[in-house]
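Chain by chain, the residues run as shown.
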Amino acid sequence: MGVIRRLTCPSCQKEWQLRLGHGMRHGVLGRVMEVFSEDIQREIAADVNTEQLSLFHFNYRTALCRKCRSVEAVPVLHLMESGRSYIGACPVCGGEVELLDEDSRIVCPACERDELNEQETGHWD
Ligand SMILES: [Zn+2]
Ligand SMILES: [Zn+2]
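J.: Can you tell me about unusual backbone geometry, naming the residues and giving the values?
T.: Notably, Arg69 is not glycine yet its phi reads approximately 50°, a positive angle. Of note, Arg69 is situated in the loop between strand S3 (56–65) and strand S4 (70–79). Notably, Asp125 is not glycine yet its phi reads approximately 55°, a positive angle. By the element assignment, Asp125 lies in the segment after strand S7 (117–124). Note on Asp125: relative accessible area 41%, which makes it partly exposed.

And the structure:
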């Protein structure tokens, strides 16, 4: 079950709602792959050992997009066997994002004047 986290900036009042973690449907690699672009899907397919069931970790994680000056939830897949990670692009502009640690304080990307307040507002899936 994923969590919904609300981030608000006390300075510019901007607000983001992120769906983080993973849902029930993400227990199967085939379904997880669908959330990535075709390019990344091909890379994952080439990385997966078809002989056996692949072990993986999957979560939507908090990321910063400098281009959109926004905070977004992006899909992150880690394949245990190869040790490789695949990170989805910014859902808004398709650009590269910067992953943030779970408990790091986030400086508002919109105004860059203050740290965002975080609040868990619910669950999804
Ligand atoms: Zn702000
Ligand atoms: Zn972006």
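Having seen the structure, we can now continue with the description.
J.: Residue-level account of the side chain of Arg5, with values.
T.: Relative to the elements of secondary structure, Arg5 occurs in strand S1 (residues 2–8). On the basis of relative accessible area, Arg5 is assigned to the buried category, the value being 13%. A distance of 3.3 Å separates the side chain of Arg5 from the side chain of Glu118, its partner in a polar contact. Not counting residues within four places of it along the chain, the set of residues in contact with Arg5 comprises Trp16, Gln17, Leu18, Leu20, Thr62, Glu102, Glu118, Gln119 and Glu120.

J.: Hey, could you go over the nonpolar core for me, with residue numbers and the actual values?
T.: Residues Phe36, Ile44, Leu77, Leu79 and Leu116 are the most contacted members of the largest nonpolar core, which totals 29 residues. Only S1, strand S2 (15–20), helix H1 (29–33), helix H2 (38–47), S3 and S4 provide two or more residues apiece to this core. Excluding anything up to four places from it in sequence, Ile44 contacts Met33, Phe36, Leu77, Leu79 and Tyr86. Counting residues in hydrophobic clusters, the runner-up holds 6 residues, among them Val74, Val76, Cys90 and Val97.

About the criteria used
- Residues numbered from 1 in each chain as written.
- Chains lettered and ligands numbered in written order.
- Predicted model: local features only at pLDDT ≥ 70, side-chain atom pairs only at ≥ 80, totals over all residues.
- Heavy atoms only, no water.
- Helix = DSSP H or I, 4+ residues; strand = E, 2+ residues; numbered from the N terminus.
- Buried < 20%, exposed > 50% of the residue type's maximum accessible area, 1.4 Å probe, protein only.
- Polar contact = N/O pair within 3.5 Å; in protein donor to acceptor, adjacent residues only side chain to side chain.
- Contact = heavy atoms within 4.5 Å.
- Core = buried A, V, L, I, M, F, W, Y, C linked by side-chain atoms within 4.5 Å.

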